[in-house]
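Observations on the model geometry
Residue strings, one per chain:
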Amino acid sequence: MNPTEILKKEHKIVLVVLNAAEGEAKSIQSTGKVDANKISQMVDFFRNFTDKCHHAKEEGYLVPKMEERGISRESKPISFMLKEHIRGREKVKAIAEALPKAKRGDSSAIKSLKDNLSTYVQLLRGHIDREDNILFPMADRILTPEDQEALAEAFEKVEAEEMGEGVHEKYHQLAHDLAKEIDNDVR
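Reading the values: rules and limits
Residues numbered from 1 in each chain as written. Predicted model: local features only at pLDDT ≥ 70, side-chain atom pairs only at ≥ 80, totals over all residues. Heavy atoms only, no water. Helix = DSSP H or I, 4+ residues; strand = E, 2+ residues; numbered from the N terminus. Rg over C-alpha atoms; globule rule 2.2 N^0.38 Å. Buried < 20%, exposed > 50% of the residue type's maximum accessible area, 1.4 Å probe, protein only. Contact = heavy atoms within 4.5 Å. Areas by Shrake-Rupley, 256 points an atom, 1.4 Å probe, with all protein chains shown as cover. Core = buried A, V, L, I, M, F, W, Y, C linked by side-chain atoms within 4.5 Å. Expected span 1.5 Å × (residues − 1). Bend = angle between axes of the 7 residues up to and from the residue. Phe/Tyr/Trp six-rings, centres within 6.5 Å; stacked < 30°, edge-to-face > 60°. Axes fitted to C-alpha atoms, helices over the stretch in contact; angles between N-to-C directions. Parallel < 35°, antiparallel > 145°, perpendicular 65-115°, else oblique. Left-handed = near helix turned anticlockwise from the far one by under 90°. Nonpolar A, V, L, I, M, F, W, Y, C, P; charged D, E, K, R; others polar.

1. Section: the overall build of the protein chain
When its secondary structure is counted, the protein chain shows 6 helices and 0 strands. Its helices and strands taken in sequence order, the protein chain reads α-α-α-α-α-α from the N to the C terminus. Scaling as 2.2 N^0.38, a compact globule of 187 residues should have a C-alpha radius of gyration of about 16 Å, and the protein chain matches this with 17 Å. With the C-alpha coordinates aligned to their principal axes, the bounding extent of the protein chain is approximately 55 × 35 × 30 Å. Burial analysis of the protein chain (187 residues in total) assigns 45% to the buried set. Taking all contacts inside the protein chain whose residues are at least 6 apart in sequence as the whole, residues at least 24 apart take part in 80%. For the protein chain, the exposed surface amounts to about 9700 Å²; the carbon and sulfur share of it is 50%.

Written out as structure tokens, the structure is:
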């Protein structure tokens, strides 16, 4: 599997959790209640799988390799993507900071939590669409077969050494568990 296919596959897992986050934001809107455990799991997923694993692959390996092939970090698709990563981190931080007060019933924290969840979902859905349809096809056009192989190896290294053995799979399972909770809530 080439590196952009690996990243697209990870996007599908992220989208599952984004759907759960959207469902939670709607639940907060309608009930005013916060499922702190579920949101805490989402924050963990977004910080560790989405950012430390997925975004680390893009920022630490894909972007530098694209730069080697003549695409500047300052060029529109790359610079925009990197700015969105920063905005996403800010939203996840805001969610995490609002969670303890929201758990205690603080109405302004509950609103902040809901608003930041909703904004994060919208931000990342658009971000994923742009990467899948603009950035990754660009990468596929300019990267050599050797680049592709080196990136695939680097991605495996991120999962094994930086994330830890079995952690990637743990987050896949968490995404599926959150998806099941949504399906059960709808029934």
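2. Considering the environment of Thr50
Along the chain, the position of Thr50 falls in helix H2 (residues 36-68). The contact partners of Thr50, leaving out residues within four places of it in the chain, are Val14, Phe45, His55, Tyr120 and Leu124.

3. With respect to the nonpolar core
Leu18, Ile39, Phe45, Phe46 and Leu113 are the most contacted members of the largest nonpolar core, which totals 38 residues. At the level of elements, helix H1 (3-31), H2, helix H3 (76-103), helix H4 (107-142), helix H5 (145-163) and helix H6 (167-186) are the ones that each hand at least two residues to this core. The element best represented in this core is H4, accounting for 9 residues.

4. Things to note about H3
Because each turn of an α-helix spans 3.6 residues, side chains separated by three or four positions end up pointing in the same direction. Its 28 residues place the ends of H3 40 Å apart at the C-alpha level, agreeing with the 40 Å of an ideal helix rising 1.5 Å per residue. Maximum bend of H3: about 25 degrees, positioned at Glu97, with proline Pro100 one to four residues after it. Directly beyond the C-terminal end of H3, a positive phi value near 95 degrees is found at Gly105.

5. Let's talk about the packing of aromatic side chains
Considering all chains together, one arrives at 5 aromatic pairs under this definition. Where Phe45 meets Phe46, the ring centres are 5.9 Å apart and the plane angle is 80 degrees; that geometry is what we call edge-to-face. Judged by centre distance (6.0 Å) and plane angle (70 degrees), the ring pair of Phe45 and Tyr171 falls under edge-to-face. Of this pair, Phe45 sits in helix H2 while Tyr171 sits in helix H6, and the two are 126 residues apart along the sequence. On the basis of relative accessible area, Phe45 is assigned to the buried category, the value being 0%.

6. Looking at the packing of H3 against H4
One way to put it is that H3 packs onto H4 with a least axis distance of 9 Å and a crossing angle of 160 degrees. As the angle between them shows, H3 and H4 are arranged roughly antiparallel. Between H3 and H4 the crossing geometry is left-handed. Classifying every residue of the contact of H3 with H4 by side-chain character gives 19 nonpolar, 6 polar and 6 charged.

7. Overview of the side chain of Asp147
Tracing the sequence through the fold places Asp147 in helix H5. Using a relative accessible area of 3% as the deciding quantity, one classes Asp147 as buried. If near-sequence neighbours (up to four positions away) are discounted, Asp147 is found in contact with Lys65, Arg69 and Ile142.

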